[in-house]
Amino acid sequence: MKRKKGFSLIEILIAAALLSGLVSAAFFSFSTLQRTMSSGRETYDFFRKTTILSRRLDLLISQASPYKQKAKDRHFDGSSDSLSFTTLRGDGIYGPPRYVTLEQRSDGVYLESNELAWLVDKPPTATKKEVKLEQVKSLEISYSEGKEDSWKDSWDALKKKALPKLVKLQLEMRNDSGLVVPLTVMVRTRLDRDPSIP
């Protein structure tokens, strides 16, 4: 009897098993790569937002005004969980001065900004902007006259007749996947004293 050329059933089954093993390994590698890329994108986005927030806080606080304001209680006033001040300029370079409050509340950390609050005692609420800093879970603020080892838990510019030279913000940042990052922002105020006050 003449033997036909071709593959036997066992050879085809072995080839199919090897091929399915290779396909499943490739699929597992691809899904792992997708998860890693998604996690990397999430982490990058979290750190990008953290950097933007720290720069924004630095810009706002460094623009704090040492001048006595027309409106009552609109001077630089800080405690360990809140800070209120009037800026010299709006958002750094452009915009009108504004009254800013950074505050730890029971449900999170909030940044409030009001363009007219530095002029009048009861500003219209339409000019007020309040933002909950979603990724910030806790806030601790301390103040210094410029010496690194002399940090205080509160600061009242009316009593001290000056702004602190340094403001230290200690934030606990947390993203949706539970990554916790402690962040310390050190801010040097640009003008710490009202030149008209001796």
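Everything numeric in this text was worked out from a predicted model, so none of it was measured. (Residues numbered from 1 in each chain as written. Predicted model: local features only at pLDDT ≥ 70, side-chain atom pairs only at ≥ 80, totals over all residues. Heavy atoms only, no water.)

(A) How the structure looks around the overall build of the chain. Check the secondary structure of the chain and you find two helices and 10 strands. When its helices and strands are written in sequence order, the chain yields α-β-β-β-β-β-β-β-β-α-β-β. Every one of the 198 residues in the chain was classed for burial, and the buried ones make up 34%. For the chain, contacts bridging at least 24 residues in sequence account for 51% of all contacts bridging at least 6. For the chain, the accessible surface area stands at approximately 13,100 Å², while carbon and sulfur atoms represent 58% of it. (Helix = DSSP H or I, 4+ residues; strand = E, 2+ residues; numbered from the N terminus. Buried < 20%, exposed > 50% of the residue type's maximum accessible area, 1.4 Å probe, protein only. Contact = heavy atoms within 4.5 Å. Areas by Shrake-Rupley, 256 points an atom, 1.4 Å probe, with all protein chains shown as cover.)

(B) Here's a closer look at the sheet that holds strand S3 (residues 99-105). In space, the six strands of this open sheet follow the order S5-S4-S3-S2-S1-S8, with antiparallel pairing throughout. Every interior strand has two partners, whereas the edge strands, strand S5 (128-132) and strand S8 (155-156), have only one. Two strands pair when backbone bridges link them, and strand S4 (residues 108-114) and S5 are joined in this way by five bridges, in the antiparallel orientation. Looking at S5, one finds that Tyr-110 is bridged to Lys-132. (Pairing = 2+ DSSP bridges.)

(C) Summary view of helix H1 (residues 9-62). Between its first and last C-alpha atoms H1 spans 79 Å; for 54 residues at 1.5 Å apiece the expected length is 80 Å, and the two agree. For H1, every residue scored as buried is listed here: Ser-31, Phe-46, Thr-50, Leu-53, Ser-54, Leu-57, Leu-60, Ile-61 and Ser-62. Of the surrounding secondary structure, the elements contacted by the buried residues of H1 are strand S2 (82-86), S3, S4, strand S6 (136-144), strand S9 (166-174) and strand S10 (180-188). (Expected span 1.5 Å × (residues − 1).)

(D) Representation of the pairing of S6. In this sheet, S9 lies alongside S6 in antiparallel orientation, the contact comprising eight bridges. Looking at the pairing, Ser-142 lines up with Lys-168 of S9. Looking at chain direction, S6 and strand S7 (residues 151-152) are connected through two bridges and run antiparallel. Within S7, the residue paired with Ser-144 across the bridge is Trp-151.

(E) Region of interest: the pattern of salt bridges. Considering all chains together, one arrives at six salt bridges under this definition. In this structure, the salt-bridge partner of Asp-45 is Lys-49, at a minimum N-O distance of 3.4 Å. With Asp-45 and Lys-49 both in helix H1, this residue pair falls four residues apart, about one helical turn. Here Asp-45 falls in the partly exposed class, since its relative accessible area comes to 26%. (Salt bridge = Lys/Arg side-chain N within 4 Å of Asp/Glu carboxyl O.)

(F) Broad picture of the nonpolar core. Residues Phe-76, Val-167 and Leu-169 are the most contacted members of the largest nonpolar core, which totals 29 residues. If we ignore the near neighbours within four places in the chain, the residues touching Phe-76 are Ala-64, Leu-83, Ser-84, Phe-85, Tyr-143, Trp-155, Asp-156, Ala-157, Leu-163, Pro-164 and Val-167. (Core = buried A, V, L, I, M, F, W, Y, C linked by side-chain atoms within 4.5 Å.)

(G) Spotlight on unusual backbone geometry. The backbone of Lys-161 sits at a positive phi, close to 60°, despite the residue not being glycine. Relative to the elements of secondary structure, Lys-161 occurs in the loop between helix H2 (157-160) and S9.

(H) Quick peek at the confidence of the model for the chain. The share of residues in the chain with pLDDT of 70 or more is 82%, and the mean pLDDT across the chain is 82. When mean pLDDT is taken per element in the chain, S6 scores highest with 93 and S5 scores lowest with 83. (pLDDT = per-residue confidence, 0-100.)

(I) Broad picture of the environment of Val-109. Tracing the backbone through its elements, the reader meets Val-109 in strand S4. Given the relative accessible area of 1%, Val-109 is considered buried. Taking the C-alpha atoms as reference, Val-109 lies 5.6 Å from Leu-133; in sequence the two are 24 residues apart. Those residues within four positions of Val-109 in sequence are excluded, and the remaining contacts are Leu-102, Glu-103, Gln-104, Val-131, Lys-132, Leu-133, Val-136, Ser-138 and Leu-139.

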